[in-house]
Amino acid sequence: PFSTQTQLTYRAPQGTKLQLQLTDMLGRVVQTVALQSNEGTYTLEATQLGTGLYYSTLLNGTEILATQKLVFATRE
């Protein structure tokens, strides 16, 4: 679980055009980011997300390379 931000680390073969897609638990796309390299770390800021379950999916075009479950919980 995270409350303000989380780091997502990724790696794919050279020449891959990657996108990171964030979806909510209903499958709605809430954010899509074009990644600039084939490996690195992306910081996901949760300032505009509601509390709940999300999925981050690493895409090469329409091919799914990896999916990770994320839980966003606000601090009280």
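What counts, and at which threshold
Residues numbered from 1 in each chain as written. Predicted model: local features only at pLDDT ≥ 70, side-chain atom pairs only at ≥ 80, totals over all residues. Heavy atoms only, no water. Helix = DSSP H or I, 4+ residues; strand = E, 2+ residues; numbered from the N terminus. Buried < 20%, exposed > 50% of the residue type's maximum accessible area, 1.4 Å probe, protein only. Pairing = 2+ DSSP bridges.

**Here's the deal with the environment of Thr-57**
Here comes step 1: Mapped onto the secondary structure, Thr-57 falls in strand E5 (residues 52–60).
Here comes step 2: It is 10 Å that separates the C-alpha atoms of Thr-57 and Tyr-10, two residues lying 47 residues apart in sequence.

**Some details on the pairing of strand E2 (residues 18–24)**
Here comes step 1: Counting buried residues along E2, 5 of its 7 residues qualify, which places the element largely inside the surrounding structure.
Here comes step 2: Where E2 lies against E5, 7 bridges are found, and the strand directions are antiparallel. Counterpart to Leu-18 in the pairing with E5 is Asn-60.
Here comes step 3: Bridge count for E2 against strand E3 (residues 29–34) is 5 bridges, and the pairing is antiparallel. Bridge pairing in E3 links Leu-22 to Gln-31.
Here comes step 4: The hairpin formed by E2 and E3 contains 4 residues between the paired strands, and Gly-27 there has a positive phi angle of roughly 90°.

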